[in-house]
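Each chain, letter by letter, is given below.
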Amino acid sequence: KEEWRRRNGVSLTYTAFFVRTAAAALRAFPIVNSHWTDEGILLRGRVNIGIGVALEDGLTVPVIKDADQKSLVGVARELEDLGRRARDNTLTLEDVQGGTFTITNPGVFGSIWSMPIVLPGQAAILATDAIVKRPVVVSDEEGDKIAIRSICLMSVAYDHRVVDGASADHFMNDVRD
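Residues numbered from 1 in each chain as written. Predicted model: local features only at pLDDT ≥ 70, side-chain atom pairs only at ≥ 80, totals over all residues. Heavy atoms only, no water.

## Here we look at the pairing of strand β8 (residues 124–140)
Examined bridge by bridge, strand β7 (residues 101–104) and β8 share three bridges and lie parallel to one another. Looking across to β8, one finds that Thr104 is bridged to Ala127. Across 15 bridges, β8 lies against strand β9 (residues 143–158) in antiparallel orientation. Bridge pairing in β9 links Leu126 to Val156. (Pairing = 2+ DSSP bridges. Helix = DSSP H or I, 4+ residues; strand = E, 2+ residues; numbered from the N terminus.)

## Points about the environment of Leu91
Looking at where Leu91 falls in the secondary structure, it is placed in the loop between α3 (72–87) and β7. Leu91 gets classed as partly exposed once you look at its relative accessible area, which sits at 21%. Each C-alpha atom of the pair Leu91 and Asp81 lies 9.8 Å from the other, and the pair is 10 residues apart in sequence. (Buried < 20%, exposed > 50% of the residue type's maximum accessible area, 1.4 Å probe, protein only.)

## Overview of the packing of helix α2 (residues 14–28) against α3
When two helices pack together, their arrangement is given by the angle between their axes and by how far apart the axes lie. For the pair α2 and α3, interaxial distance at closest approach is 9 Å and the crossing angle is 120°. Taken as axis vectors, α2 and α3 run oblique relative to one another. As for how α2 packs across α3, the hand of that crossing is right-handed. Between α2 and α3, the contacting residues are Thr15, Ala16, Phe17, Val19 and Arg20 on the first element and Leu72, Val75, Ala76 and Leu79 on the second. Class assignment of the residues belonging to the contact of α2 with α3 gives a composition of seven nonpolar, one polar and one charged. (Axes fitted to C-alpha atoms, helices over the stretch in contact; angles between N-to-C directions. Parallel < 35°, antiparallel > 145°, perpendicular 65-115°, else oblique. Left-handed = near helix turned anticlockwise from the far one by under 90°. Contact = heavy atoms within 4.5 Å. Nonpolar A, V, L, I, M, F, W, Y, C, P; charged D, E, K, R; others polar.)

## Comments concerning the sheet that holds β7
Spatially, the five strands line up as an open sheet ordered β6-β3-β7-β8-β9, and their pairing is mixed. Of all the strands in the sheet, the pair left with one neighbour each is β6 (63–64) and β9. Packed onto the sheet, helix α4 (residues 165–176) meets β7, β8 and β9 and runs at close to 130° relative to β9.

## Thoughts on α4
With 12 residues, α4 extends 16 Å from end C-alpha to end C-alpha; this agrees with the ideal 16 Å at 1.5 Å per step. Of all the positions in α4, only Ala168, Phe171, Met172 and Val175 are classed as buried. What you see down the axis of α4 is that its buried residues fit within an arc of 95°, all on one side. Buried residues in α4 make contact with α2, β7, β8 and β9. For α4, the capping residue at the N-terminal end is Asp164, with a side-chain oxygen 3.2 Å from the backbone nitrogen of Ala166. (Expected span 1.5 Å × (residues − 1). Arc of directions from axis to C-beta. Polar contact = N/O pair within 3.5 Å; in protein donor to acceptor, adjacent residues only side chain to side chain.)

## Details of the side chain of Thr60
Here Thr60 lies in strand β5 (residues 58–60). A relative accessible area of 17% places Thr60 in the buried class. Contact partners of Thr60, with chain neighbours within four places excluded, come to Ile51, Gly52, Val53, Leu55, Ala86, Leu91 and Val96.

## So, the pattern of salt bridges
Applying the stated criterion across every chain yields a total of 14 salt bridges. Between Arg5 and Glu80 there is a salt bridge; the shortest N-O distance is 3.6 Å. Separated by 75 residues along the polypeptide, Arg5 in helix α1 (residues 2–8) and Glu80 in helix α3 bring together distant segments of the chain. The partner of Asp81 in a salt bridge is Arg85, and the shortest N-O contact between them spans 3.1 Å. Of this pair, Asp81 and Arg85 both sit in helix α3, four residues apart, roughly one helical turn. (Salt bridge = Lys/Arg side-chain N within 4 Å of Asp/Glu carboxyl O.)

Quick look at the structure:
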């Protein structure tokens, strides 16, 4: 982490990886990056990912515009900047508008399994919970074994008028992979 910060001038967080991964998955499964209108489903051309930021008096969701066009370093820089400005109460209206998908991270508070609620105007939201060590079964040439691994549970909530279970599963499998 220190080498990354020295070389790039920004901290590297798991959230940056989640944003880049979700952005790529949204490109692969554009129905998840759409929303319901009175005229039907509206597919979005841009991938603008809102990031839930907890504040002392609530939550705000600044948006990383065109997240699919940014490098990991670019996403990390924007996350750091938006998070700082959210805590300093200096976000602009433009900073919190235009989200097409949201990522929330209740894991920073120790949550190990959560289910978020979809924001109006979006079709889905991804929750990333705490990364914790758990016993898991691993298989190799010698057979199955119990091992301790760091595990992060993720969940996606979605508007069934837009996204069906199969599409949501494909999206989540892409994020996981």
